[in-house]
Amino acid sequence: MAQVLSLHVFFSAERHKVGPSKPLKRIHNPKTSLSTHRKGPQSPMRKTQKLNLQVSPHRAVSAVRLMRIEMGGAFADLLNEKGKGSGDNEMGYVERTLGFRTKNLDDRDLRLVTDIVGGTIRWRRYLDYLIGSLCHDDKAFRSMEPLLLQILRIGFYEILKLDMPSYAVVDENVRLAKVSLRPGAGNMVNGILRRLVLLKESNSLPLPKLEGDDRAQARALAILYSHPVWMVRRWTKHLGQEKAIKLMMWNNDDPSFSLRANSGKGVTRADLVMQFNMLKVPHEVSLHLDHFVRVKTGLQSIIQAGLLKQGLCAVQDESAGLIVSVVNPQPGDSIVDCCAAPGGKTLYMASQMQGQGMLYAIDINKGRLRILKETAKLHQVDGVITTIPSDLRTFAESCQLKSDKVLLDAPCSGLGVLSKRADLRWNRRLEDLEELKKLQEELLDAASILVKPGGVLVYSTCSIDPEENEERVDAFLLRHPEFRIDPVDRYVPPGFVTKHGFYSSDPVKHSMDGAFAARLIRTL
């Protein structure tokens, strides 16, 4: 696993619980290797050049990182806890993979790597369709070596989505292909990228038309907006085509992040705003939560200033914060967080308890619980948190613990967080939903055992799929008539309350991650 920590791992308040998924891989060439070495003669430059100052550093790093992501060995984010990116680590990977180093990455390079890697992953289907079309040989595209494909993807993304000067994109990517592979590869990149530039300038890109029956239109939309066909068909069915398109556009846009002021350390939102003003980071205060501030750019500056490392704030989406509002933790409460790690909601609930009561954080992953415990100390809320490494299903059967409030933030498909999880759309399969639904029901049954009479059970996900949300709650209530729905309108703003009294955030409507929560009362 890469030594670089993803934003979604280091910022423990932000990582969403998505169910197990498989590494992003190229379907048409599953036996690829990270090494780019080939049998036979190699480029003379490749043999002798250890430091190459002519190759664009951000493109070299992006190409290698994209290969590592497809092999399951890296995350799409590039920042670490020191806020200085991972330039040394990444350049080490470049040297081991390509055989040379470039000049060091500066802050601008790091931002470009983040933009290019995330954007190239999001737009992969769209880019691959065009690359295949311009190759004029499907076999040549499907057998293309991994590094060459990544260089072409980067070039296409820079020209089509970043609107970089085409002459610079062509020149730099041709040079990368020649140095890292061989002159012939550079010639191929040159021909394909120049063809792309001409097609873009004449507004004649060979894209599919939105016509035919529902299946044909879903295939076209999947290419035009770069999502799996099964997701397009599912969203078109549940939401209608117009809203499905808006959702895909949201998923493809650069994500915004929210930061929560850590009231456990006495930090207020006003304190956070003052810090952001000093750092000249553009921001907006949350319209829905008192402790939250939203930023679109400048997150790197916030990390570099040490605000997260000092425990003054945590990265946490407002959609997750509103789930905590549904739980409504109070001083003196006894609360169980059933699938707690990495602990974003645990920490927020603990900060609301003001040092009174007890919060039991259960998770099957001991390592992630250890990180949660360390972060709780940093945030000065560890006095109310007890970590319990266990499978919830086993724990519930053997334990006599009964609590006032139980939160089950269940493993799910993560279909509400595709904007932040750039690679997740390609790792998720339709079949995963069936496996996840079974797991969600087992965990719900187990969590219900821990609720005392008159107590509260909150079931939540970071999914927008009704089969993981409303349908799981309906099935649970049929199995457990001792529970009833407690409408959430007392805990969250009206715009987030569904007709059945559940909490639901809509990425398009609310400009935040998609999430769901049901608040249930045990009557017996």
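Remember, predicted model here, so these are calculated numbers, not experimental data.

1. Concerning the overall build of the protein chain
Alright, step 1. Helices and strands together make up the secondary structure of the protein chain, namely 23 helices and 12 strands.
Alright, step 2. Across the 524 residues of the protein chain, 58% fall into the buried class.
Alright, step 3. Taking the intrachain contacts of the protein chain between residues at least 6 apart in sequence as the baseline, contacts between residues at least 24 apart amount to 76%.

2. Observations concerning the sheet that holds strand S3 (residues 292–295)
Alright, step 1. Strand order across the open sheet formed by four strands is S2-S3-S1-S4, with antiparallel pairing between neighbours. Two strands lie at the open edges of the sheet, namely strand S2 (284–285) and strand S4 (313–315), each paired on one side alone.
Alright, step 2. Looking at chain direction, strand S1 (residues 257–261) and S3 are connected through four bridges and run antiparallel. When the bridges of S3 are listed, Ser 258 appears paired with Arg 294.

3. Focus on the packing of aromatic side chains
Alright, step 1. Counted under the stated rule, the structure contains six aromatic pairs.
Alright, step 2. An angle of 70° between the planes, with centres 5.3 Å apart, marks the rings of Trp 123 and Tyr 126 as edge-to-face. Neither Trp 123 nor Tyr 126 differs from the other in exposure class; each is buried.
Alright, step 3. Aromatic pair Phe 292 and Tyr 348: ring centres 5.5 Å apart, planes at 70°, arrangement edge-to-face. Here Phe 292, found in strand S3, pairs with Tyr 348, found in helix H17 (residues 344–352); they are 56 residues apart in sequence, far enough to count as distant.
Alright, step 4. A relative accessible area of 5% places Tyr 348 in the buried class.
Alright, step 5. Three or more aromatic residues joined by ring pairs form one cluster here, namely Tyr 459, Phe 502 and Phe 516.
Alright, step 6. The ring of Tyr 93 has Arg 68 lying over it, and the distance from NZ or CZ to the ring centre is 3.5 Å.

4. Some thoughts on the pairing of strand S12 (residues 515–522)
Alright, step 1. Across the eight residues of S12, eight count as buried, placing the element largely inside the fold.
Alright, step 2. Residues Ala 515, Ala 517, Arg 519 and Ile 521 point to one face of S12 and Phe 516, Ala 518, Leu 520 and Arg 522 to the other, with burial holding for every one of them.
Alright, step 3. Summarising the sheet, strand S10 (residues 483–485) and S12 pair through three bridges and their orientation is antiparallel. Paired with Arg 484 across the two strands is Ile 521, which belongs to S12.
Alright, step 4. Inspection of the sheet shows strand S11 (residues 503–505) paired to S12 by three bridges, in the antiparallel sense. Of the residues in S12, the one forming a bridge with Tyr 503 is Ala 517.

5. Thoughts on the environment of Leu 418
Alright, step 1. Its location among the elements puts Leu 418 in the loop between strand S8 (403–409) and helix H20 (424–427).
Alright, step 2. Residues Leu 418 and Pro 255, 163 residues apart in the sequence, show an inter-C-alpha distance of 9.4 Å.
Alright, step 3. Once residues within four sequence positions are removed from consideration, Leu 418 is found in contact with His 227, Met 231, Trp 235, Asn 251, Leu 424 and Arg 425.

6. With respect to helix H12 (residues 229–239)
Alright, step 1. Taken as a whole, H12 has its buried residues at Trp 230, Met 231, Val 232, Arg 234 and Trp 235.
Alright, step 2. Contacts from the buried residues of H12 go to helix H11 (214–224), helix H13 (241–252), H20 and helix H21 (430–449).

7. Structural notes on H11
Alright, step 1. Within the span of H11, buried status applies to Gln 217, Ala 218, Ala 220, Leu 221, Ala 222 and Ile 223.
Alright, step 2. At the N-terminal end of H11, a side-chain oxygen is found 3.2 Å from the backbone nitrogen of Arg 215, two or three residues along, and the residue is Asp 213.
Alright, step 3. Looking one or two places after H11, you find Ser 226, whose phi comes out positive at around 55°.

8. Remarks on the pattern of salt bridges
Alright, step 1. With the rule as written, the count across this model stands at 34 salt bridges.
Alright, step 2. Linking Glu 95 and Arg 101 is a salt bridge whose minimum nitrogen-to-oxygen distance equals 3.3 Å.
Alright, step 3. When its relative accessible area of 29% is taken as the criterion, Glu 95 is described as partly exposed.
Alright, step 4. Measuring nitrogen to oxygen at the nearest pair gives 2.7 Å for the salt bridge that ties Lys 437 to Glu 467. With Lys 437 in helix H21 and Glu 467 in the loop between strand S9 (451–461) and helix H22 (470–479), the pair connects residues that are 30 residues apart, well separated along the chain. The residues Lys 437 and Glu 467 share a single accessibility class, namely buried.

9. Details of the confidence of the model for the protein chain
Alright, step 1. The share of residues in the protein chain with pLDDT of 70 or more is 88%, and the mean pLDDT across the chain is 90.
Alright, step 2. Counted against residues more than four places away or in other chains, residues 78–85, with its pLDDT under 50, gives 29 contacts.

10. Looking at the side chain of Glu 318
Alright, step 1. When you line up the elements, Glu 318 lands in helix H16 (residues 318–327).
Alright, step 2. You can call Glu 318 buried: its relative accessible area is 2%.
Alright, step 3. In terms of polar contacts, Glu 318 uses its side chain to reach the side chain of Ser 258, at 3.3 Å.

11. What about the nonpolar core?
Soluble globular proteins: nonpolar side chains tend toward being buried together.
Alright, step 1. With 55 residues, the main nonpolar core has Leu 98, Phe 156, Leu 176 and Val 189 as its most contacted residues.
Alright, step 2. Those elements giving two or more residues to this core turn out to be helix H3 (57–70), helix H4 (87–98), helix H5 (107–122), helix H6 (124–135), helix H8 (146–160), helix H9 (166–180) and helix H10 (183–201).
Alright, step 3. Among the elements that make up this core, the one with the highest residue count is H8 (10 residues).
Alright, step 4. Residues in contact with Val 189, not counting those within four places in the same chain, are Leu 148, Ile 151, Leu 152, Asn 173, Val 174 and Ala 177.
Alright, step 5. Of all hydrophobic cores here, the second largest spans 34 residues; its members include Val 326, Tyr 348, Leu 369 and Ala 517.

What counts and how
- Residues numbered from 1 in each chain as written.
- Predicted model: local features only at pLDDT ≥ 70, side-chain atom pairs only at ≥ 80, totals over all residues.
- Heavy atoms only, no water.
- Helix = DSSP H or I, 4+ residues; strand = E, 2+ residues; numbered from the N terminus.
- Buried < 20%, exposed > 50% of the residue type's maximum accessible area, 1.4 Å probe, protein only.
- Contact = heavy atoms within 4.5 Å.
- Pairing = 2+ DSSP bridges.
- Phe/Tyr/Trp six-rings, centres within 6.5 Å; stacked < 30°, edge-to-face > 60°.
- Lys NZ or Arg CZ within 6 Å of the ring centre and 35° of its normal.
- Polar contact = N/O pair within 3.5 Å; in protein donor to acceptor, adjacent residues only side chain to side chain.
- Salt bridge = Lys/Arg side-chain N within 4 Å of Asp/Glu carboxyl O.
- pLDDT = per-residue confidence, 0-100.
- Core = buried A, V, L, I, M, F, W, Y, C linked by side-chain atoms within 4.5 Å.

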